[in-house]
Amino acid sequence: MMRVAINGYGRIGRSVLRALYENGYRKHIQVVAINELSDLDTISYLTRYDSTHGRFPLPVSCEGDALKVGDDLIQCFSEPEPENIDWKQLDIDMLLECSGSFSSREDAQMYISAGVRRMLLSQPAESDVDATIVYGFNESEINTSHTIVSAASCTTNCIIPVLEGIDHLAGIEHGTTQTIHSAMNDQPVIDAYHKNDLRLTRSSMSSIIPVDTGLSKGIQRLIPKLGPKIACNALRVPTINVSAIDLVIRTKERVTKEQVNAYFESLSSSKYKNILGFTQEPHASVDFNHDARSVIVDGTQTQVVDGYLIKLLCWFDNEWGFANRMLDVATYWGQKISK
């Protein structure tokens, strides 16, 4: 049984804990500690009740300085500095870093220096970390000597299986991605000051807002030959969960819409089973809320122009899908260590 702690208990941290209990990861992983700057009563409340994913499936309560989930006691801390927690005494095998505050080896190394053995980041990282992993695509690159690994991003986990699939089917000349992403907690509900991006001062609930995206870097890192060929943009839209990527690709070989759809349908039951989905039903985004897959290709929206231009709509639950992939990476890494 691998012992882990969660640092940062926001949307992803809470989704990770919930997925651990809902989807069978508890057989392999035990959460023994949470570090979150909020108070324990609020932590307990937001674990029990979630506007996006509904009520937690097990009893949740406070017991002393711990969060009790079912029969499990999870010690809780509220420390902004890593050196203020005795990580060695907690005897954790891995820290799941879900605060989104660390992207470089130098930043993450503070936790390693404070006694954390291994750290899995819930956000894209700089190239100086040991590995960036998209589960289902390159988890075999993890080795036992690694100490700092990134689970990439929800958008990278969505698009990499699709790009690999198209490249295998017909080759990729070039293309674009347009991420249509639900609102996030770095946006205000009504207009308010923001440190960096003036567009993010605007109300998340009243506008479609262009934002920067690091997806191009993720593609470059994971499929280097495609990095210079794919341009990426992103929009935030007034929904609380579930996002999509509108993908346009110019291929090297001629294809038909039927070939493209048949290929992705086959991937959904073979190489990328439980990672990539395929549908030809008339869906809206809400239908994919709480969907644990990384991406669902919507065959009703597939278009092929002149035999060489493919347009795909790729749905993903940006919270739940990513939380499950993070746990997949953690489980895989832990099992590799224990062998």
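For the structure, see preceding data.
Values in this document were obtained by computation on a predicted structure and should not be read as measured data.

A. Looking closely at the state of the cysteines. Taken as a whole and assessed by the stated rule, the structure comprises zero disulfides. With no disulfide of its own, Cys62 lies 7.9 Å from the sulfur of Cys76, the closest cysteine sulfur. Here Cys232 stays free of any disulfide, with the sulfur of Cys158 as its closest cysteine sulfur at 11 Å.

B. Structural view of the packing of aromatic side chains. The final tally for this structure, using the stated rule, is six aromatic pairs. Relative to Tyr111, the ring of Phe102 lies with its centre 5.2 Å away and its plane at 85°, an arrangement referred to as edge-to-face. Of the two residues examined, Phe102 and Tyr111, each falls in the buried class. Members of the aromatic cluster, each reached through a chain of ring pairs, are Trp87, Phe102 and Tyr111.

C. View of the packing of helix α1 (residues 11-22) against helix α8 (residues 320-338). Where α1 meets α8, the axes come as close as 9 Å, and the angle between the chain directions of the two elements is 65°. Between α1 and α8, the crossing angle belongs to the class labelled roughly perpendicular. Crossing handedness for the pair α1 and α8: right-handed. Every residue of α8 that contacts α1 at Ile12, Ser15, Val16, Arg18, Ala19, Leu20 and Glu22 is listed here: Trp320, Phe322, Ala323, Asn324, Met326 and Leu327.

Reading the values: rules and limits
- Residues numbered from 1 in each chain as written.
- Predicted model: local features only at pLDDT ≥ 70, side-chain atom pairs only at ≥ 80, totals over all residues.
- Heavy atoms only, no water.
- Disulfide = S-S within 2.5 Å.
- Phe/Tyr/Trp six-rings, centres within 6.5 Å; stacked < 30°, edge-to-face > 60°.
- Buried < 20%, exposed > 50% of the residue type's maximum accessible area, 1.4 Å probe, protein only.
- Axes fitted to C-alpha atoms, helices over the stretch in contact; angles between N-to-C directions.
- Helix = DSSP H or I, 4+ residues; strand = E, 2+ residues; numbered from the N terminus.
- Parallel < 35°, antiparallel > 145°, perpendicular 65-115°, else oblique.
- Left-handed = near helix turned anticlockwise from the far one by under 90°.
- Contact = heavy atoms within 4.5 Å.

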